[in-house]
Amino acid sequence: MCGFVGFTNTKNNSNRIIEDMMEKIKHRGPDSGGKYVDGDIALGFRRLSIIDITSSGDQPIYNEDRTKVLLFNGEIYNFQSIREDLVAKGHTFTTKTDSEVLLHGYEEYGEELLNKLRGMFAFVIWDTKTKELFGARDFFGIKPLYYAQMGDTFMFGSEIKAFLTHPDFKKELNEAALENYLTFQYSPTTETFFKNVYKLPAAHFFKYSGGKLTVKRYWDIHFNADQQPDLDSWVDQISDTFKDSVEAHKIADVEVGSFLSSGVDSSYVAAVANVDKTFTVGFGEDERYNEIGWAKEFSKYIDKENISKVITPEEYWNVISKVQYHMDEPLADPSCIALYFVCNKASEYVKVVLSGEGADEIFGGYNVYKEPMSVPAYNLIPRPIRRGIGAVASKLPAKRGVNFLVRRGKDLEERFIGNAYMFSEKERKALLKIKTDAPNAIEITKPFYDQVKDKDAVTKMQYLDLHLWMTGDILLKADKMSMANSLELRVPFLDKKVMALAEKIPTKYRVTDENTKFAMRKAALRSAPPQTANKKKLGFPVPIRVWLKEDKYYNLVKETFTSPVSEHFFNTELLVRLLDEHREGKKDNSRKIWTIYIFLVWYKVFFDDVI
């Protein structure tokens, strides 16, 4: 696992500039660094040695005649078979790394190489003859890749913070991203919080030549259920395919560990992987916020060592600014900071960990996916009547039954934008003093819903989450928090072969009235005890709602909410009202409060030069 950065070169001091940019991402690769600079481009690389840990695996890597230069972040799990094919075709390899497969593979296959790969990756290849830059991001967006056009300079890299040292970089807040963030809790479009800085979407590649950028999708997910096999057949296939993926994800020349919570995803990974060490964090002694007991019991069941840490409130709050620095963009997911701590603990023992990200999106694991199936008789009521009932109910005080009527009065495309829905468009307009041209949530989700308009509600929800929530929240924090601790995090559920299987599983075997991830849980039962395989999803619980009622943290947040920076962006009396209502127990506003607080912390980090 590594990090890279680069820019098209018109500078006399390019060596110093690229070194400064590389230094900003040293945490991604503390083992070594390398650069390539000519009159057209500057490329920089930081390496965390995992495969071929000798210096022969250092980057940049060149082809035989040194006309092509590679920078690569990630792992290619089928590199050995691709390498054999390329050697047979006459290519000469100088390293044993998976990286070099990309270079010779691009020479041989061009952009068609991408669909031959199995792994997680972001990489760029510079052609010194044609002066063309080719860049690509993996199928699910596991590894990040950003780019920006600043005047005549095109810059690209693993983290935005590396761009900030470039003399051509103009640091401006993208206010439209703030408005979108208030609804989604992350930045949901290809734009970032830095104006004119963009994310290359998952499963896309770009070509940059002569000042012109083209971006193209090379792969997508296609749900097409096969109704023929019975449940047992699907369980057999899941079991076999997942074991194969885990074995592929364990390829390394260093020790591999595994994260472990009380949930089925990480338990299934840990049990199948047969690693020596598992890692867990929690808060206090309340089982709602501390899964360490579960994890230790499970680790005994699989006869492995569990290493754990209890995070104190002080530790959690003290590291928020540091976490937001490493995130590059604000992310209002409280579990992001907990993930930082488990990565930090694991990095004391191993360089690589396996984790359970992606299982919920692929196999149908979120509890909200059961919503379209609840009270099926209500769907028999004509749509106009349901919408009328919902409109009336929306004017009543919010509570469980009322909320049901409001939500079911709307079409799925109106009510579901992913696993987080913080502020409605009306609410965010009331909160913000600034005016932006940000699209509303439905405009952002519509292109994805259009791709699955003939599918059932559960499949639509999964497809949307796979493209927005998983990439924008789940995988973003997984990469940034692991790399902040110089740790490689691998996600065996997010494998092309696993996805190809999951695309065919009928909805009735994904989500039922009984449980989510129905077929996958049955597969997990073959490796994990019933109390774990059947456990209801908790997520990564963090006691934010409890802390915000305590004087210490209430006052800290209130001071931030009434600061001059907050006054510039928000109607602060509404922020304080959210905080007071929560403290007094009138409403659980904890996630809304957290969303705004995290933005203000992030803004101070990047725009007040406080890190």
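Refer to the preceding data block for the structure.
Not measured: the values here are computed from a predicted model. (Residues numbered from 1 in each chain as written. Predicted model: local features only at pLDDT ≥ 70, side-chain atom pairs only at ≥ 80, totals over all residues. Heavy atoms only, no water.)

1. Concerning the packing of aromatic side chains
Enumeration over the complete set of coordinates arrives at 54 aromatic pairs. Judged by centre distance (5.3 Å) and plane angle (85 degrees), the rings of phenylalanine 569 and phenylalanine 599 are edge-to-face. Remark: phenylalanine 599 occurs in helix H26 (residues 590-607) and phenylalanine 569 occurs in helix H24 (residues 564-569); sequence separation between them is 30 residues. Relative accessible area serves as the criterion here: at 0%, phenylalanine 599 is assigned to the buried category. Relative to tyrosine 597, the ring of tryptophan 594 lies with its centre 5.8 Å away and its plane at 40 degrees, an arrangement referred to as tilted. Here tyrosine 597 and tryptophan 594 lie together in helix H26, a separation of 3 residues that amounts to about one turn. According to the relative accessible area criterion, tryptophan 594 is buried, its value standing at 1%. (Phe/Tyr/Trp six-rings, centres within 6.5 Å; stacked < 30°, edge-to-face > 60°. Helix = DSSP H or I, 4+ residues; strand = E, 2+ residues; numbered from the N terminus. Buried < 20%, exposed > 50% of the residue type's maximum accessible area, 1.4 Å probe, protein only.)

2. As for the environment of serine 261
Along the chain, serine 261 turns up in the loop between strand E13 (256-259) and helix H6 (264-273). Taking C-alpha positions, serine 261 is 27 Å from aspartate 232, a pair spaced 29 residues apart along the chain. In contact with serine 261, not counting residues within four places along its chain, are Ser266, Ser267 and Glu291. (Contact = heavy atoms within 4.5 Å.)

3. Observations regarding the side chain of arginine 490
Take arginine 490: it is sitting in strand E17 (residues 488-490). At a separation of 2.6 Å, a polar atom in the side chain of arginine 490 contacts the main-chain carbonyl oxygen of isoleucine 251. (Polar contact = N/O pair within 3.5 Å; in protein donor to acceptor, adjacent residues only side chain to side chain.)

4. Some points on the sheet that holds strand E7 (residues 132-137)
Ordered by their spatial adjacency, 6 strands build an open sheet running E4-E5-E6-E7-E11-E12, and the pairing between neighbours is antiparallel. For this open sheet the edge positions go to strand E4 (61-62) and strand E12 (212-217), each flanked by a neighbour on one side alone. Taken together, the 9 bridges between strand E5 (residues 68-76) and strand E6 (residues 119-127) define a ladder with antiparallel strand orientation. Across the sheet, residue asparagine 73 finds its bridge partner in E6, namely alanine 122. (Pairing = 2+ DSSP bridges.)

5. Some remarks on the sheet that holds strand E15 (residues 305-310)
Spatially, the 5 strands line up as an open sheet ordered E15-E14-E13-E16-E17, and their pairing is parallel. The open sheet has two edge strands, E15 and E17, and neither has a second partner. On average, each strand axis in the sheet is inclined to that of its neighbour by 30 degrees, with strand direction left out of account. Sheet topology note: the strand E16 (residues 352-354)/E17 ladder contains 3 bridges and is parallel. In the sheet register, valine 352 faces E17, and the bridge partner there is glutamate 488. (Axes fitted to C-alpha atoms, helices over the stretch in contact; angles between N-to-C directions.)

6. Overview of the packing of helix H23 (residues 551-561) against helix H25 (residues 572-583)
At their nearest, the axes of H23 and H25 sit 10 Å apart, and the two run at 170 degrees to each other. Taken together, the axes of H23 and H25 are roughly antiparallel relative to one another. Contacts between H23 and H25 involve Asp551, Tyr554, Val557, Lys558 and Phe561 on the former and, on the latter, Thr572, Leu575, Val576, Leu579, Asp580 and Arg583. (Parallel < 35°, antiparallel > 145°, perpendicular 65-115°, else oblique.)

7. Here we look at the layout of surface pockets
In this model, the second largest pocket occupies a volume close to 510 Å³. Lining the second largest pocket are 31 residues; nearest its centre among them are Pro188, Pro201, Ala202, His467 and Thr471. Taken together, the residues of the lining of the second largest pocket sort by class into 19 nonpolar, 7 polar and 5 charged. (1 Å grid on protein atoms, 1.4 Å probe; cavity = no way out; pocket = protein on both sides within 12 Å on 5 of 7 lines; lining within 4 Å. Points joined across faces, edges and corners; volume = space filled by probe spheres on them. Nonpolar A, V, L, I, M, F, W, Y, C, P; charged D, E, K, R; others polar.)

8. Quick notes on the pairing of strand E8 (residues 146-150)
Taken across its 5 residues, E8 has 4 buried, putting it largely inside the fold. Bridge analysis of E8 against strand E9 (residues 153-157) gives 5 bridges, and the strand direction is antiparallel. Residue pairing across strands places tyrosine 147 opposite phenylalanine 156, the latter belonging to E9.

9. Topic: unusual backbone geometry
Glycine aside, negative phi is the norm for most residues, and most peptide bonds take the trans geometry. Although it is not a glycine, aspartate 303 sits at a positive phi angle of roughly 60 degrees. Secondary-structure assignment places aspartate 303 in the loop between helix H7 (292-301) and E15. The exposure class assigned to aspartate 303 is exposed, which follows from its relative accessible area of 67%.

10. Section: helix H12 (residues 383-393)
Listed in full, the buried residues belonging to H12 are Arg386, Gly390 and Ala393. Here the buried residues of H12 occupy an arc of 65 degrees about the axis, which is enough to place them on one side. Projecting away from the buried face of H12 at angles above 90 degrees are the exposed residues Pro384 and Val392. Buried-residue contacts for H12 involve helix H13 (400-408). (Arc of directions from axis to C-beta.)

11. A word on helix H2 (residues 79-88)
Where H2 is concerned, the buried positions are Phe79, Ile82 and Leu86. Looking down the long axis of H2, one finds its buried residues gathered within 65 degrees of arc, a one-sided arrangement. Among the exposed residues of H2, those pointing more than 90 degrees away from its buried face are Glu84 and Ala88. The elements touched by buried residues of H2 are E5 and helix H3 (99-109). Of the residues trailing H2, glycine 90 is marked for its positive phi of about 105 degrees.

12. Regarding the pattern of salt bridges
If you walk through the whole model with that rule in mind, you get 43 salt bridges. Between glutamate 159 and arginine 28 there is a salt bridge, with the nearest N and O atoms lying 2.8 Å from each other. Of the two residues, glutamate 159 sits in the loop between E9 and helix H4 (175-184) while arginine 28 sits in the loop between helix H1 (14-24) and strand E2 (32-37), which places them 131 residues apart along the sequence. The salt bridge partner of glutamate 315 is lysine 309, with a shortest N-O separation of 2.9 Å. On the accessibility criterion, glutamate 315 (29% relative accessible area) is partly exposed. When salt bridges that share partners are traced, they join Arg28, Lys143, Glu159, Lys161, Asp328, Asp479 and Lys480 into one network. (Salt bridge = Lys/Arg side-chain N within 4 Å of Asp/Glu carboxyl O.)

13. A word on the nonpolar core
Counting 175 residues, the largest nonpolar core has Phe570 and Phe599 as the members making the most contacts within it. By residue number, the principal contributor to this core is H26, which donates 13 residues. With residues near it in sequence (within four places) discarded, phenylalanine 599 still touches Leu173, Leu178, Tyr181, Phe193, Pro330, Phe569 and Phe570. Residues Tyr36, Leu43, Trp126 and Leu133 belong to the second largest nonpolar core, which totals 20 residues. (Core = buried A, V, L, I, M, F, W, Y, C linked by side-chain atoms within 4.5 Å.)

14. Some remarks on the packing of H2 against H3
The geometry of H2 relative to H3 is characterised by a closest axis approach of 10 Å and an angle of 50 degrees between their N-to-C directions. By the angle between their directions, the pair H2 and H3 is classed as oblique. In this structure, H2 crosses over H3, and the sense of that crossing is left-handed. Contacts from Phe79, Ile82, Arg83, Asp85 and Leu86 in H2 reach Val101, His104, Gly105, Glu108 and Tyr109 in H3. Split by residue class, the contact of H2 with H3 holds 5 nonpolar, 2 polar and 3 charged. (Left-handed = near helix turned anticlockwise from the far one by under 90°.)

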